[in-house]
Amino acid sequence: MKKRIVSILFLLILVFPMIFSACGPQAEPFTPRQELDQATMGGYDPIIKITYARPWFSNMTQTLYDKGWTMEDNNWTSAIRADLGIKMQLVWSIADSAEYFAKLTGSIASGAIPDITNIHAAPSAYDYLQMLENNDLLTNIWPYYEQYASDELKECYELAGEEVFYPATFGGEIKALCSILGSENDSWSFYWIRKDWLDNLNMQVPTTFDEFVEVIKAFHDKDPDNDGINGNTYGIPFDASFFAYGATIFNSHHAYLNTWVELEDGTLGFGSIQPEAKEALSTLRELYAGGYLDPEMTNYETAVKGGKCGIWPGQVHNGLFLQPVKDKNSNADFVPIRLLSVDDEEARPQANINSYQYYTVNPSCKNPEVLVKLLNYYLYIGSLDSDDEYKKDMFTDENAAELWQFAPVTVSKVGENFERAKKVAEALNDGTKENLKGTDADVYDWVMAYRNGDNSQWGWDKIYGGEQSSEYLMGHYIENGLYMTNKFVGNKSDNMQATESDLNLLITDGFLKIIRGEEPLDYFDVIVDSWENMGGKENTEYVNDWYENVKG
Ligand SMILES: [Ca+2]
């Protein structure tokens, strides 16, 4: 208790001069929360000072103005001082990425980096982590993580996958912690299928890849849109952006485009040139030859939203994106399904690494454990009920201002939306939202609004409306570790950078020729040979040397 009183006195001394020097309202001094776990978030007495650098988000300026905050004095700095006994001192914050990294480069050259530095925007983050390592400006953070990390923080990193630490692994030591990005949300891991078209054709939602192909064919050959004309619609899109969303078909064949995957012998191989990709090309080639891929299609979004194409290969949250289809045609309906596999082995959607920013600690920092405590603290505040005053003051206020952005460091949990979907599904089954709070209760209301006749809320029902909703279905991928994460998350070698665009062109151009029948299927083997001879072999060796190092 004594420590807390000292902290409050300190706070008053620090805040006092600013009351007279600044206009507008001030951040209120916080009363320390007594229930903070001392083992993971124990405060400092006397207060310690920690310097840090972080990126700037453009919408933060408005929030500072509205709240009368400064970067030195806001609810986060105030709460961290009161609760943890840490005075956070921002030494620089820049919005523009190039300027940020120019500043960082200068700081590294002079050796004058802050106690905690935010290295964001992968893949350039990897270069800067390496540069800091080369200049002995990284701290082995792992011993502090093991000693201080809360169970919640450990769970975050375990769910994110070990790859998130690879870019920060040097000499077998982990030298940075990271923020977590829910990259599962960006993965093309669902097919959104026109359910009204299936109904019109008396077809069931496909449960095997063969059935899926049958749907593609029927959506083209028959009259799923009931306009009286057969053959004026398509099943799946085929346009210039094919190699982004078209990866779903490859994933169904256990092939992963533009992704470094671990092969059976434990080495990394480039997914696009593995034998499974040839099988996917075989399927696509047959579909093209049968007229099931539209060579004239220039924009698949227009095709699907315009009711010309019945399957949208997309992301978990695309129910909202497809809402305009429902707005235009109240009979329209999509169901999300997970990717279907060509055999007994489950289909795995390809995905990117779950982190995009790293927090490093300067070896000269006397309290390197502070980084771990700040991450624990961020998760703790985030775990409070949304009607808790602290939560409202520090995460999202009544005007939806994103106050969490002012936290010096942030971390989130993979699969948060799946947790929400489970809660909402349970409430829908029970017919009451009495156990839901905050956003969970809002989502329940939106789903119920649709079910009570408000078509404008249809998208929410598709994403969160029970056990067939996309966020609920996503849980199967997460719980079974099915996302196929790109394993190479290090610096590209000079050769990789020099050969990248030629190798990409070789594959996309060659694959399209095979799909269109301009080259035979075995042309795939020619592409693979060329890929290796044009630098791919050397790149593979480099990637595997890197992998051996980070795996330890
Ligand atoms: Ca038709």
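### Focus: the overall build of the chain
Then, in step 1: When you go through the chain residue by residue, the secondary structure sums to 24 helices and 14 strands.
Then, in step 2: At 26 Å, the chain has a C-alpha radius of gyration in line with the 24 Å of a compact globule built from 552 residues.
Then, in step 3: Along the first, second and third principal axes, the C-alpha atoms of the chain reach 80 × 60 × 40 Å.
Then, in step 4: Counting only residues that meet the buried cut, the chain has 42% of its 552 residues in that class.
Then, in step 5: The contacts in the chain between residues at least 6 apart in sequence include a share of 76% that link residues at least 24 apart.

### Observations regarding unusual backbone geometry
Then, in step 1: Geometrically, the link from Asp45 to Pro46 is a cis peptide bond, its omega value of 5 degrees lying close to zero.
Then, in step 2: Phi is positive for Asp136, which is not a glycine, with a value near 55 degrees.
Then, in step 3: Checked against the element boundaries, Asp136 lands in the loop between helix 6 (124-134) and helix 7 (142-148).
Then, in step 4: Owing to 9 C-beta atoms within 10 Å, Asp136 belongs among the exposed residues under this scheme.
Then, in step 5: Notably, Asn258 is not glycine yet its phi reads approximately 55 degrees, a positive angle.
Then, in step 6: You can see Asn258 is positioned in the loop between helix 12 (247-252) and strand 8 (260-262).

### Structural notes on the sheet that holds strand 11 (residues 334-338)
Whenever strands of a sheet pair, they do so through backbone hydrogen bonds, lying parallel or antiparallel.
Then, in step 1: The strand order 10-7-11 describes an open sheet built from three strands, whose pairing is antiparallel. Bordering the open sheet on either side are strand 10 (311-314) and strand 11, each of which pairs with just one other strand. Strand-to-strand twist across the sheet, computed as the mean angle between neighbouring axes with direction ignored, equals 25 degrees.
Then, in step 2: Sheet topology places strand 7 (residues 190-194) next to strand 11; five bridges connect them, and they run antiparallel. From the neighbouring strand, Tyr191 faces strand 11, where its bridge partner is Ile337.
Then, in step 3: Sitting on the sheet, helix 22 (residues 470-479) is in contact with strand 7 and strand 11, with an inclination near 5 degrees to strand 11.

### Notes on the pairing of strand 1 (residues 48-55)
Side chains on a regular strand alternate between the two faces of the sheet.
Then, in step 1: With eight bridges connecting them, strand 1 and strand 2 (residues 86-94) associate as parallel partners. In the strand pairing of strand 2, Pro55 is matched with Ile94.
Then, in step 2: Bridge analysis of strand 1 against strand 3 (residues 116-120) gives two bridges, and the strand direction is parallel. Across the sheet, the residue bridging to Tyr52 is Ile116, located in strand 3.

### Observations concerning the packing of helix 19 (residues 416-430) against helix 22
Then, in step 1: The geometry of helix 19 relative to helix 22 is characterised by a closest axis approach of 8 Å and an angle of 130 degrees between their N-to-C directions. By the angle between their axes, helix 19 is oblique relative to helix 22. For the element pair helix 19 and helix 22, the recorded crossing hand is left-handed. Touching Asn417, Phe418, Arg420, Ala421, Lys422 and Ala425 of helix 19 are Glu471, Tyr472, Met474, Gly475 and Ile478, all from helix 22.
Then, in step 2: Of the residues in the contact of helix 19 with helix 22, the class split is six nonpolar, two polar and three charged.

### Description of the pairing of strand 3
Then, in step 1: Along strand 3, five of the five residues are buried, which leaves the element largely enclosed by surrounding structure.
Then, in step 2: Burial along strand 3 is two-sided: the face carrying Ile116, Asn118 and His120 and the face carrying Thr117 and Ile119 are both buried.

### A short note on the nonpolar core
Then, in step 1: Counting residues in hydrophobic clusters, the biggest one holds 141 residues, and the most contacted among them are Ala176, Leu371, Leu375, Tyr378 and Val424.
Then, in step 2: Among the elements that take part in this core, helix 17 (residues 370-383) stands out by supplying 10 residues, more than any other.

### Let's talk about the domain arrangement of the chain
Then, in step 1: What the domain assignment reports for the chain is domain 1 (2-182 + 355-406), domain 2 (190-351 + 484-551) and domain 3 (416-479).
Then, in step 2: With eight residues of domain 1 at the interface, the matching set in domain 2 holds six residues.
Then, in step 3: Ranked by residue count, the leading element in the side of domain 1 that touches domain 2 is helix 6, at three residues.
Then, in step 4: Its residues placed into classes, the side of domain 1 that touches domain 2 shows three nonpolar, three polar and two charged.

### Description of the environment of Phe219
Then, in step 1: Tracing the sequence through the fold places Phe219 in helix 10 (residues 209-221).
Then, in step 2: Classification of Phe219 by C-beta neighbours within 10 Å gives buried; the count is 25.
Then, in step 3: Between the C-alpha atom of Phe219 and that of Glu532, which follows or precedes it by 313 residues, the distance is 39 Å.
Then, in step 4: Apart from residues no more than four positions distant in its own chain, Phe219 is found in contact with Trp197, Pro224, Thr233, Tyr234, Gly235 and Gly310.

### Some remarks on the sheet that holds strand 1
Then, in step 1: The mixed open sheet is built from five strands, whose spatial order is 2-1-3-13-6. Strands at the two margins of the open sheet, each flanked by one partner only, are strand 2 and strand 6 (177-178).
Then, in step 2: Both strand 6 and strand 13 (residues 357-361) contribute to a ladder of two bridges, which runs antiparallel. Note that in strand 13 the partner of Cys178 across the bridge is Tyr358.

Conventions we followed
- Residues numbered from 1 in each chain as written.
- Predicted model: local features only at pLDDT ≥ 70, side-chain atom pairs only at ≥ 80, totals over all residues.
- Helix = DSSP H or I, 4+ residues; strand = E, 2+ residues; numbered from the N terminus.
- Rg over C-alpha atoms; globule rule 2.2 N^0.38 Å.
- Buried ≥ 20, exposed ≤ 12 C-beta atoms within 10 Å, placed from the backbone.
- Contact = placed C-beta atoms within 7 Å.
- Pairing = 2+ DSSP bridges.
- Axes fitted to C-alpha atoms, helices over the stretch in contact; angles between N-to-C directions.
- Parallel < 35°, antiparallel > 145°, perpendicular 65-115°, else oblique.
- Left-handed = near helix turned anticlockwise from the far one by under 90°.
- Nonpolar A, V, L, I, M, F, W, Y, C, P; charged D, E, K, R; others polar.
- Core = buried A, V, L, I, M, F, W, Y, C linked by C-beta atoms within 7 Å.
- Domains from an automatic or database assignment.

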